[in-house]
Structures are given as structure tokens and as C-alpha cells.
Amino acid sequence: MCGRYVIAGVHELSERFQLRTIPAELFPTWNAAPTQRLPVVVEDAATERALRMMQWGLLPRWNRPGSRPIAPINARAETLEEKPMFRGLLRRSRCIVPVNGFYEWRQGGGRKQPYYIAPADGDIWGLAGLYDEIEGPDGEPLASYTIVTTAANPLLAPLHERMPAILRPDDEEAWLSRDVDDPRQLELLLRPAPADEIAVRPVGPAVNSARNNGPELIAADEPADGADG
DNA sequence: CCAGACGTTGTT
DNA sequence: GTCTGG
DNA sequence: CCAGACGTTGTT
DNA sequence: GTCTGG
């Protein structure tokens with residue numbers, strides 16, 4: 001998505017992810033940025049799902065010291081099967097990124113107005129992701145992921161041409177299942193979410209600075225200068 | 001064959 | 001690793 | 001995405 | 001302007 005910031009600041013995730021409460025110290029990320037870590041769900045949906053902290057920005061295995069590193073934060077749903085970088089991951093390394101919502105900006109009278117975009121019903125979204133694990137500089141495994149994007153729906157199109165692939169709750173199990181590996185079947189899960197499931201509202205400019213990080217960024221009473229959605 | 005890139009978004 | 005360009 | 005830095009020499 | 005860091 002264009003707003004590269006995903007917020008995932010809940011301490012207690014939705015029941016449907018079957019996750020334990022996340023200790024606050026593991027979850028400092030409301031205004032997330034590449035290289036910051038977010039909780040990512042992996043494993044088979046039928047089993048207990050693991051909660052991991054992963055780095056946003058997919059580090060391919062062929063990144064080598066000395067050459068320009070590459071770490072895409074997004075992957076286009078439409079081309080997952082044709083891009084060599086993602087083709088194998090689509091089959092074998094899918095994950096879900098639980099988020100409260102994300103941000104987009106719109107040019108408004110000379111300055112950028114940030115908007116907070118979240119589930120209309122107040123639940124949590126599971127974004128489609130692909131991940132990989134490499135050996136980090138310290139020799140420890142280093143996991144990273146990318147968020148799949150799809151075309152923006154009519155609600156979000158004025159803000160941005162792309163939006164994250166929000167999985168329908170009923171599709172989350174299939175996305176995680178190791179028994180599914182048909183690209184056509186998988187790409188069906190990545191269609192734009194319906195507009196009536198999405199709420200958009202302006203938020204204050206504090207979110208513009210990555211140094212600001214906390215639930216106050218999306219507080220309901222946040223001053224909304226330049227409101228309209 | 002080898003060398004070199006490999007991704008997305010945004011902006012105009 | 002795997003694909004493209006030359 | 002936005003905010004903020006962006007260079008070198010010499011010295012410790 | 002362009003790149004990096006968050």
C-alpha cells in the first residue's frame with residue numbers, strides 16, 4: 001500500500017488469530033516502519049499458530065554483502081506468480097500480518113492530511129504476507145516479510161491506487177494452509193476488500209513523524225484538521 | 001555463454 | 001536462487 | 001509514507 | 001534533489 005505505515009499495536013489480538021496476549025515490550029509498534037518488527041502469524045491454521053516478530057521488508061536469500069541490498073515492503077498480488085522473487089514464497093511461505101489498520105495520505109490544501117483506515121466493525125485485519133528466513137549477521141535466523149498489495153477499492157481509490165490484500169476471515173485458514181499451493185486459487189484470496197467493511201477517518205499530523213508511536217495516534221478524539229473522508 | 005539485476009510506491 | 005540482457 | 005540529512009579533514 | 005531512517 002502506499003501508506004507504508006501499518007499499525008499493529010494491539011496487545012490483545014482477535015480471538016480468530018488464536019494468539020496469546022502480547023507482552024507490551026514485544027509490541028512497541030503502532031506506527032510501523034520498514035525494519036521495525038511486527039507480529040506475524042505463520043504455520044497451519046489448524047494447529048496452534050505461532051506468533052513471531054518479523055522485520056517488515058523482505059530480505060531475499062540472495063542478498064549478499066557488498067551488493068545493494070533489496071528489501072521490498074510490498075508485493076503486487078497480480079504478479080506474484082511471474083516474479084521469480086515471489087513465486088516460490090507464494091507456494092511455500094505465506095503469512096498473515098495482523099493489524100489494527102493502516103495510514104494513507106492525501107494532498108489537502110498544500111499539506112498532507114493523514115487518514116486512518118481500519119475495519120468498520122472494530123475488529124482486526126489479517127493482511128496477506130510472504131516471508132522468508134535468512135541467517136542474520138549474528139548467525140541467528142532473521143525472518144522478514146512483505147505485504148501483498150492489490151488494487152484499491154472505490155472507497156480508497158481517491159487516497160491511493162493500491163491497498164493491502166486484506167484477507168476475509170474465512171480465507172485466512174486457506175492462506176496459511178500448507179496443503180494449498182495453486183497460485184490461481186491463492187490469488188483469488190487477494191482481491192480488494194469490499195468498501196463497506198472499511199472505515200476511513202482523518203487523524204492528526206502526529207503520525208507523520210515516525211518518532212511518534214503510540215495509540216494516541218489513532219485516538220478517536222484526535223484533532224482532525226482538514227476533515228473529510 | 002556470462003554479468004547483472006532481482007521489488008514497490010510515489011511523483012511529475 | 002533465477003531470470004533478463006547483451 | 002514523511003522527516004531529516006545530505007561533506008571532509010583532523011583530532012581524540 | 002535524493003537518499004536514509006523510522
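What counts as what
- Residues numbered from 1 in each chain as written.
- Chains lettered and ligands numbered in written order.
- Predicted model: local features only at pLDDT ≥ 70, side-chain atom pairs only at ≥ 80, totals over all residues.
- Heavy atoms only, no water.
- Helix = DSSP H or I, 4+ residues; strand = E, 2+ residues; numbered from the N terminus.
- Buried < 20%, exposed > 50% of the residue type's maximum accessible area, 1.4 Å probe, protein only.
- Contact = heavy atoms within 4.5 Å.
- Areas by Shrake-Rupley, 256 points an atom, 1.4 Å probe, with all protein chains shown as cover.
- Near = heavy atom within 4 Å.
- Polar contact = N/O pair within 3.5 Å; in protein donor to acceptor, adjacent residues only side chain to side chain.
- Nonpolar A, V, L, I, M, F, W, Y, C, P; charged D, E, K, R; others polar.
- Lys, Arg positive; Asp, Glu negative; His and termini not counted.
- Salt bridge = Lys/Arg side-chain N within 4 Å of Asp/Glu carboxyl O.
- Pairing = 2+ DSSP bridges.
- pLDDT = per-residue confidence, 0-100.
- Core = buried A, V, L, I, M, F, W, Y, C linked by side-chain atoms within 4.5 Å.

## Here's the deal with the overall build of chain A
No. 1: Regarding its fold elements, chain A presents three helices and 12 strands.
No. 2: Counting the 229 residues in chain A, one finds 50% classified as buried.
No. 3: Contacts spanning at least 24 positions in sequence make up 66% of the contacts within chain A whose residues lie at least 6 apart.
No. 4: Working note: accessible area of chain A is about 11300 Å², and carbon and sulfur atoms make up 50% of it.

## Some points on the protein's contact with DNA strand C
No. 1: Inspection of the region around DNA strand C gives Trp-62, Arg-64, Pro-84 and Arg-87 as its neighbouring residues.
No. 2: By atom count, sugar and phosphate contribute 31% of the portion of DNA strand C lying within 4 Å of the protein.
No. 3: One nitrogen or oxygen atom from the side chain of Trp-62 is found 3.3 Å from a base nitrogen belonging to DNA strand C.
No. 4: Measuring from a phosphate oxygen of DNA strand C, one finds a side-chain N or O atom of Arg-87 at 2.7 Å.
No. 5: Of the residues that constitute the surface near DNA strand C, the class distribution is two nonpolar, no polar and two charged.

## Overview of unusual backbone geometry
No. 1: Located in the positive-phi region is Thr-35, a residue other than glycine, with phi close to 80 degrees.
No. 2: Within the secondary structure, Thr-35 sits in the loop between strand E1 (6-7) and strand E2 (37-42).
No. 3: Classification of Thr-35 by relative accessible area gives exposed; the value is 55%.

## Section: the side chain of Arg-94
No. 1: The topology assignment puts Arg-94 in strand E5 (residues 94-99).
No. 2: Summary of buried charges: Arg-94 has no salt-bridge partner, and the nearest side chain of opposite charge, Asp-181, is 7.2 Å away.
No. 3: Within the structure, the side chain of Arg-94 is placed 2.5 Å from the backbone oxygen of Ser-177, a separation counted as a polar contact.
No. 4: From its side chain, Arg-94 meets the backbone oxygen of Val-180 in a polar contact 2.9 Å long.
No. 5: Excluding residues that lie within four positions of it along the chain, Arg-94 makes contacts with Leu-89, Gly-129, Leu-130, Tyr-131, Ala-174, Trp-175, Leu-176, Ser-177, Val-180 and Leu-186.

## Re the pairing of strand E6 (residues 101-108)
No. 1: For E1 and E6, the ladder comprises two bridges, and the chain directions are antiparallel. Bridged to Ile-7 within E6 is Gly-101.
No. 2: Bridge analysis of E6 against strand E7 (residues 111-119) gives seven bridges, and the strand direction is antiparallel. From the neighbouring strand, Gly-108 faces E7, where its bridge partner is Arg-111.

## Let's talk about the confidence of the model for chain A
No. 1: When pLDDT is averaged across chain A, the result is 85; 84% of the residues are at 70 or more.
No. 2: Between residues 222-229, whose pLDDT stays under 50, and residues either more than four places distant or in other chains, the model counts 17 contacts.
No. 3: For this predicted complex, the interface confidence comes out at an ipTM of 0.84, alongside a pTM of 0.90.

## Some words on the nonpolar core
One broad trend across soluble globular proteins is that nonpolar side chains are buried collectively.
No. 1: Core analysis: the biggest nonpolar cluster contains 28 residues, and Val-97, Trp-125, Leu-127, Tyr-145 and Leu-156 have the highest contact counts within it.
No. 2: Contact partners of Val-97, with chain neighbours within four places excluded, come to Leu-38, Pro-39, Val-40, Trp-125, Gly-126, Leu-127, Tyr-145 and Ile-147.
No. 3: Counting 22 residues, the second largest nonpolar core, distinct from the first, contains Ala-75, Phe-86, Leu-130 and Leu-167.

## Looking at the environment of Thr-146
No. 1: With respect to the helices, strands and loops of the structure, Thr-146 is situated in strand E9 (residues 141-151).
No. 2: On a C-alpha basis, the gap between Thr-146 and Arg-184 in space is 20 Å, while along the polypeptide they are 38 residues apart.
No. 3: The residues touching Thr-146, leaving out its near neighbours within four places in the chain, are Leu-58, Pro-72, Ile-73, Asn-74, Ala-75, Phe-86, Ala-128, Gly-129 and Leu-130.
No. 4: Within the local environment of Thr-146, its side chain forms a polar contact with the backbone oxygen of Pro-72, the two atoms lying 3.2 Å apart.

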